[in-house]
Amino acid sequence: GGGTSLISAISGVDVFVTDAFRDDFRQVLVTIYRVEGSTDGVNFQTLFEDATGQTINVAALSDSAVLLARASATTATFTQLRVTIGEQLTLVTPGGVSSGVPVAEGIGTATGDGKRVITAAVTTSEAGMVIVDFDLAAFQMEGGRVRPVIRGGDPVAFYPSGPRGCRL
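A. Spotlight on the packing of aromatic side chains. Tallied over the full model, the rule gives zero aromatic pairs. The lysine or arginine in question, Lys115, covers the ring of Tyr33, its NZ or CZ lying 4.4 Å from the ring centre.

B. Seen up close, the pairing of strand S6 (residues 88-92). With three bridges joining them, strand S2 (residues 27-38) and S6 adopt antiparallel strand pairing. Across the sheet, Leu29 pairs through a bridge with Thr90, a residue of S6. Where S6 meets strand S7 (residues 98-102), five bridges bridge the pair, whose relative direction is antiparallel. Following the sheet pairing, Thr90 is matched in S7 by Gly100. Between S6 and the antiparallel strand that follows it, S7, lie five residues; Gly96 among them carries a positive phi value of about 95 degrees.

C. The nonpolar core, seen in detail. Of all hydrophobic cores here, the largest spans 35 residues; its most connected members are Val28, Ile32, Val35, Ile85, Leu89 and Phe134. Sorting elements by how many residues they give to this core places S2 first, with four residues. Filtering out sequence-adjacent residues up to four positions away, Val35 remains in contact with Val15, Gln45, Thr46, Leu47, Phe48, Leu68, Leu81, Arg82, Val83 and Val132.

D. Spotlight on the pattern of salt bridges. Tallying each qualifying case throughout the model produces eight salt bridges. Note that Arg82 is salt-bridged to Glu36, the shortest N-O span being 3.0 Å. Here Glu36 lies in strand S2 and Arg82 lies in strand S5 (residues 80-86), a separation of 46 residues in the sequence. The shortest N-O distance in the salt bridge between Arg116 and Glu105 comes to 3.4 Å. One end of the pair, Arg116, is in strand S9 (residues 115-121); the other, Glu105, is in the loop between S7 and strand S8 (109-110), with 11 residues separating them in the sequence. With a relative accessible area of 52%, Glu105 lands in the exposed category.

E. Spatial organisation of the environment of Leu89. Mapped onto the secondary structure, Leu89 falls in strand S6. The class for Leu89 is buried, based on a relative accessible area of 0%. As for Leu89 and Val103, which are separated by 14 residues in sequence, their C-alpha atoms are 7.1 Å apart. Excluding residues within four positions of it along the chain, Leu89 makes contact with Val28, Leu29, Val30, Ser99, Gly100, Val101, Val103, Phe139 and Val146.

Thresholds applied
Residues numbered from 1 in each chain as written. Predicted model: local features only at pLDDT ≥ 70, side-chain atom pairs only at ≥ 80, totals over all residues. Heavy atoms only, no water. Phe/Tyr/Trp six-rings, centres within 6.5 Å; stacked < 30°, edge-to-face > 60°. Lys NZ or Arg CZ within 6 Å of the ring centre and 35° of its normal. Pairing = 2+ DSSP bridges. Helix = DSSP H or I, 4+ residues; strand = E, 2+ residues; numbered from the N terminus. Core = buried A, V, L, I, M, F, W, Y, C linked by side-chain atoms within 4.5 Å. Buried < 20%, exposed > 50% of the residue type's maximum accessible area, 1.4 Å probe, protein only. Contact = heavy atoms within 4.5 Å. Salt bridge = Lys/Arg side-chain N within 4 Å of Asp/Glu carboxyl O.

Take a look at the structure:
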């Protein structure tokens, strides 16, 4: 909506990671190196960065979220996210068979150093958070490669009663 937003008074942005439900793999390990937010799709500010990467089992997040970072941000009214992940995901079948599977060509932009940058639209609210949603239900295997789908989640839909009182 219009008018003055409560978000302008918030000094930080909580960055969460979540997924949608999928049973194909017991574990889907994604290494996240950077999350950036943009209000205009041109200028991005870093919300999370880890040179060695933070590996998260996104398959375990069907009804929960992991707090990846609390970022100092000049704004929280982002319209786009840019997420840098590892070029390979580790997939573990229900039977326990683990394999490294590369990200499919055409997904994001390869950086040349084993990473991919994927851009997604995002919904933000006065909740002061950004949700990176790994939508496992939309993931596809294609010629031995995985097509991950990352969306910007809606904090209000994720925490209808507000995030501050929720336990993770």
